[in-house]
Amino acid sequence: MRIDVLTLFPEMFTPLVSTSIVGRAVQRGLVDIVRTNYRDYTSDSHRSVDDKPFGGGGGMVLMCEPVFAAVEAVAGDGGPEPLKILLTPQGQRLDQSMVAELAGEPRLLLLCGHYEGFDERIRTELADRQISIGDYVLSGGEPAAMVLIDAIVRLLPGALGDQNAARNDSFADGLLEYPHYTRPREFRGLAVPEVLLSGHHREIETWRRSQALSRTQARRPDLLEQKRDRMSRTITE
Ligand code: 4H7
């Protein structure tokens, strides 16, 4: 997969692309993450990327010129046509099913905004999709793009170790994870649940499933609701 990131702050992505699961996926050639600075596509002597809003009011707005020029240069490089995604609080809310769908794309292009945001014509003419990572405000789209990249890359075949991949499958069914424990068996008087030390794999499996269900019911009943909806749709279809 290829992911192009368009941003005024390409250096913000360095730790992401060089560390942990995403860093390893890049090393293994599972994903190619290419950063482009809008500022390299300005045409005036001041290299302006933003300007005052028409109609007045505070703040600055990212201009069409450098953003269109950057997208056209990057997307027109001969590779597959990328799906162009704008990260914005106005977007469709990201969830795991959207992540899985995007992980199937050959190429994504992520547009990160700053200042007061983008000129409206960038949204309407350039973006194929607008995505929000949640209902809160960020100073720029970069952290949102990083969240999206991390969530997608870990789904690419070979990105996780085999063990993790298997576990990921069992969690991909829309439940919260069951509790995890490691050594020591007792820590400050807090014991690990006996069943996990029993060696009875079927019982452990049942316990984990029931923990995942009760935990989801207690903390995120909306997830169980969605799961029910998905299941009833599957039956009626
Ligand atoms: C596009 C338009 C994403 C991008 C406006 C981006 C939250 C999310 C941004 C803005 C983002 C999310 C500019 C609006 C700065 C807020 C203070 C970048 N914030 N901004 N303003 N939830 N900000 O996915």
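Reading the values: the criteria
- Residues numbered from 1 in each chain as written.
- Predicted model: local features only at pLDDT ≥ 70, side-chain atom pairs only at ≥ 80, totals over all residues.
- Heavy atoms only, no water.
- Near = heavy atom within 4 Å.
- Polar contact = N/O pair within 3.5 Å; in protein donor to acceptor, adjacent residues only side chain to side chain.
- 1 Å grid on protein atoms, 1.4 Å probe; cavity = no way out; pocket = protein on both sides within 12 Å on 5 of 7 lines; lining within 4 Å.
- Sits in = over half its atoms within 2 Å of the grid points.
- Helix = DSSP H or I, 4+ residues; strand = E, 2+ residues; numbered from the N terminus.
- Nonpolar A, V, L, I, M, F, W, Y, C, P; charged D, E, K, R; others polar.
- Core = buried A, V, L, I, M, F, W, Y, C linked by side-chain atoms within 4.5 Å.
- Buried < 20%, exposed > 50% of the residue type's maximum accessible area, 1.4 Å probe, protein only.
- Contact = heavy atoms within 4.5 Å.
- Pairing = 2+ DSSP bridges.
- Axes fitted to C-alpha atoms, helices over the stretch in contact; angles between N-to-C directions.
- Expected span 1.5 Å × (residues − 1).
- Arc of directions from axis to C-beta.

### As for the site of the ligand
Surrounding the ligand, one finds 19 residues, the nearest of these being Tyr115, Ile133, Gly134, Tyr136 and Leu138. Interatomic distance of 3.3 Å between a side-chain N/O atom of serine 132 and a nitrogen atom of the ligand. In a pocket analysis with a 2 Å cut-off to the grid points, the ligand is assigned to the second largest pocket. Counting residues per element, the shell around the ligand draws most heavily on strand S5 (residues 83-93), at three residues. Residues belonging to the shell around the ligand are distributed by class as follows: nine nonpolar, eight polar and two charged.

### Quick notes on the environment of phenylalanine 68
Topologically, phenylalanine 68 is positioned in helix H3 (residues 64-75). For the pair phenylalanine 68 and isoleucine 122, spaced 54 residues apart in the sequence, the C-alpha separation amounts to 7.5 Å.

### Thoughts on the nonpolar core
In this structure, Leu102, Leu110 and Ile149 are the most contacted members of the largest nonpolar core, which totals 32 residues. Counting residues per element, the ones that place at least two in this core are strand S1 (2-7), helix H1 (14-18), helix H2 (20-27), S5, helix H4 (96-102), strand S6 (107-111) and helix H6 (142-153). Here the element with the most residues in this core is H6; it accounts for eight residues. Apart from residues no more than four positions distant in its own chain, leucine 110 is found in contact with Ile3, Asp4, Val5, Leu6, Ile85, Leu87, Ala145, Leu148 and Ile149. One finds Cys64, Ala75, Leu86 and Ala127 within the second-largest nonpolar core, a separate group that totals 18 residues.

### Overview of the sheet that holds S6
The five strands are arranged S2-S1-S6-S5-S7 in an open sheet whose pairing can be described as parallel. Unpaired on one side and paired on the other, strand S2 (32-37) and strand S7 (129-132) mark the two borders of the sheet. Taken pair by pair, the neighbouring strands of this sheet meet at an average axis angle of 30 degrees, ignoring direction. Across six bridges, S1 lies against S2 in parallel orientation. By the bridge assignment, valine 5 is partnered in S2 with arginine 35.

### Concerning the side chain of aspartate 4
Within the secondary structure, aspartate 4 sits in strand S1. Exposure remark for aspartate 4: the relative accessible area of 0% places this residue in the buried category. Among the polar contacts made by the side chain of aspartate 4, one reaches the side chain of arginine 2 at a distance of 2.7 Å. Look past the residues within four positions of aspartate 4 in its chain and what remains in contact with it is Val34, Val74, Arg107, Leu108, Leu109 and Leu110.

### Topic: helix H9 (residues 221-236)
In this model, H9 (16 residues) spans 23 Å end to end at C-alpha, consistent with the 22 Å of a helix rising 1.5 Å per residue. Listed as buried for H9 are Leu223, Leu224 and Lys227. Down the axis of H9, the buried set is contained in an arc of 95 degrees. They therefore lie on one face. Among the structural elements, helix H8 (201-219) are those in contact with the buried residues of H9.

Treat this as a map of the structure, not an account of what it does.
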